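Chain residues, written in single-letter form:
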Amino acid sequence: MAETSAIIPVFDGHNDTLLRLAAKKMKSAEAVFGKGDGSGHIDLPRARAGGFAGGFFAMFPPPVTMANMDEEMKAARYDLALPPLLPLEKAQASTIGMLSVMLRLERAFPDDVAICRSADEVRTAMAANKIAAILHIEGAEAIDADFANLDVLHAAGLRSIGLVWSRPNIFAHGVPFRFPGSPDTGPGLTDAGRALVKECNARGIMIDLSHLNEKGFWDVAGLSTAPLVATHSNVHALCQSTRNLTDRQLDAIKESRGVVGLNFAACFLRPDGAMRADTDLDVMVRHLDYLVERLGEDGVAFGSDFDGAVIPAEIGSVAGLPRLIERMRGAGYSEELLHKIGHRNWLSLLERTQASTQ
Ligand code: ZN
């Protein structure tokens, strides 16, 4: 049938494209996104080719100095040191830089890009064939303890916050990149972190648990009125990385009617935890099978980590999304389930998050 080979629109849980583009001069960032230059994973031509309908665009305040993670994580075992606290001013400056890139992309490509503030706006953008972008913070270092910046960022469109990246901040403690390792790597949320959960609940801002350590996860699970979400994490039983979710965590996410986005990073997929591009897509299907089994068909989506990780070469970039979908079809995934994992589950999750606002 013609439909079975149709491209499935993908609304994706996580990318680091704004970080990649923010490193360029502004005009060049627009040109690189609009025309593509072959670098990175996401630009407009390849997004169109792959059926990329949008997703959570992360604003990730990078550490002052960044070790060559990709090299270190090729090893059979690794335990990267946690970066130090990032000062508020530094995080604010880089976060505003990435927010500005997103705003300028929307202005430069009004027929192709829309910043969305609700599930309805995502639906409207997708219907108009625009890339629907939800603004996300990966690591809340740009937010002060009085939440003044939270008000400003929310007004600018922010609708999703990961309390931490893999480092500590004033709110919580992220897991170090360690393999093999348990996600139980340190203390839970601080008082400021507990307050931030309430502030997010009050504004309908989604709380992302990816990168958070296990004690922090359980603190959010006990406090938050919203469904539990890990935008870009995988199955710990299949790949024993600190960044992946244990069965107990998956069960709690299911109970809250939450969602897990499959991370395409080889190091969070492979049983040996190595950051290698020569990774067969079958391992992605094994994680998806496990997630569907544990979370149900409404609890699984994608969270690619495009522009933020080494992904299987067979996917290569956002243009390769149909190759993953095709592999899932081959493994017996129905068209209905492909549409759920492709985008519907993120849309429903955004609706449930908005409905839980209090
Ligand atoms: Zn991440």
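To be clear, the structure that these remarks concern was listed above.
Here the structure is a predicted model, which means the values were calculated and not measured. (Residues numbered from 1 in each chain as written. Predicted model: local features only at pLDDT ≥ 70, side-chain atom pairs only at ≥ 80, totals over all residues. Heavy atoms only, no water.)

> Which residues make up the coordination of the zinc ion, and what values go with them?
Donor atoms from the polypeptide that bind the zinc ion are E138 (OE), H211 (NE2) and H232 (NE2), placed at 2.1 to 2.2 Å. For the zinc ion, all donor residues lie on one chain, and their spacing in sequence is E-x72-H-x20-H. With E138 in strand 5 (residues 131-138) and H232 in the loop between strand 9 (229-230) and helix 10 (247-255), the pair connects residues that are 94 residues apart, well separated along the chain. Accessibility classification places E138 together with H232 in one group, the buried group. (Donors = N, O, S within 2.8 Å, 3.2 Å for Na, K, Ca; no water. Helix = DSSP H or I, 4+ residues; strand = E, 2+ residues; numbered from the N terminus. Buried < 20%, exposed > 50% of the residue type's maximum accessible area, 1.4 Å probe, protein only.)

> Give a detailed account of empty space enclosed by the protein, specifying residues and quantitative values.
Summed over the entire model, instances satisfying the criterion amount to one cavity of 30 Å³ or more. Around the largest cavity, the lining residues are V175, P183, L209, S210, H211, L212, S233, T242, R243, N244, L245 and Q249. Taken together, the residues of the lining of the largest cavity break down into five nonpolar, six polar and one charged. (1 Å grid on protein atoms, 1.4 Å probe; cavity = no way out; pocket = protein on both sides within 12 Å on 5 of 7 lines; lining within 4 Å. Points joined across faces, edges and corners; volume = space filled by probe spheres on them. Nonpolar A, V, L, I, M, F, W, Y, C, P; charged D, E, K, R; others polar.)

> Kindly report on the packing of helix 11 (residues 282-295) against helix 12 (residues 321-330), identifying the contributing residues and their values.
Their axes nearest at 10 Å, the elements helix 11 and helix 12 cross at an angle of 60°. The element helix 11 and its partner helix 12 pack so that their crossing is right-handed. Residues D282, M284, V285 and L288 of helix 11 pack against L324, R327 and M328 of helix 12. For the contact of helix 11 with helix 12, the residue count by class is five nonpolar, no polar and two charged. (Axes fitted to C-alpha atoms, helices over the stretch in contact; angles between N-to-C directions. Left-handed = near helix turned anticlockwise from the far one by under 90°. Contact = heavy atoms within 4.5 Å.)

> Any chance you could break down the nonpolar core for me, citing the residues and the numbers?
Membership of the largest hydrophobic core comes to 80 residues, with the highest contact counts inside it found for I161, L163, F264 and F302. Looking at this core, the element that brings in the most residues is helix 11, giving seven residues. Core analysis: the second largest hydrophobic core is formed by 17 residues, C116, A119, V122 and V259 among them. (Core = buried A, V, L, I, M, F, W, Y, C linked by side-chain atoms within 4.5 Å.)

> Could you give an account of unusual backbone geometry, naming the residues involved and the relevant values?
The residue after F179, namely P180, is reached through a cis peptide bond having omega -10°. Looking at the element boundaries, P180 is found in the loop between strand 7 (178-179) and helix 8 (191-203). A positive phi is found at D307, a non-glycine position, where the angle reads about 70°. Checked against the element boundaries, D307 lands in the loop between strand 11 (300-302) and helix 12.

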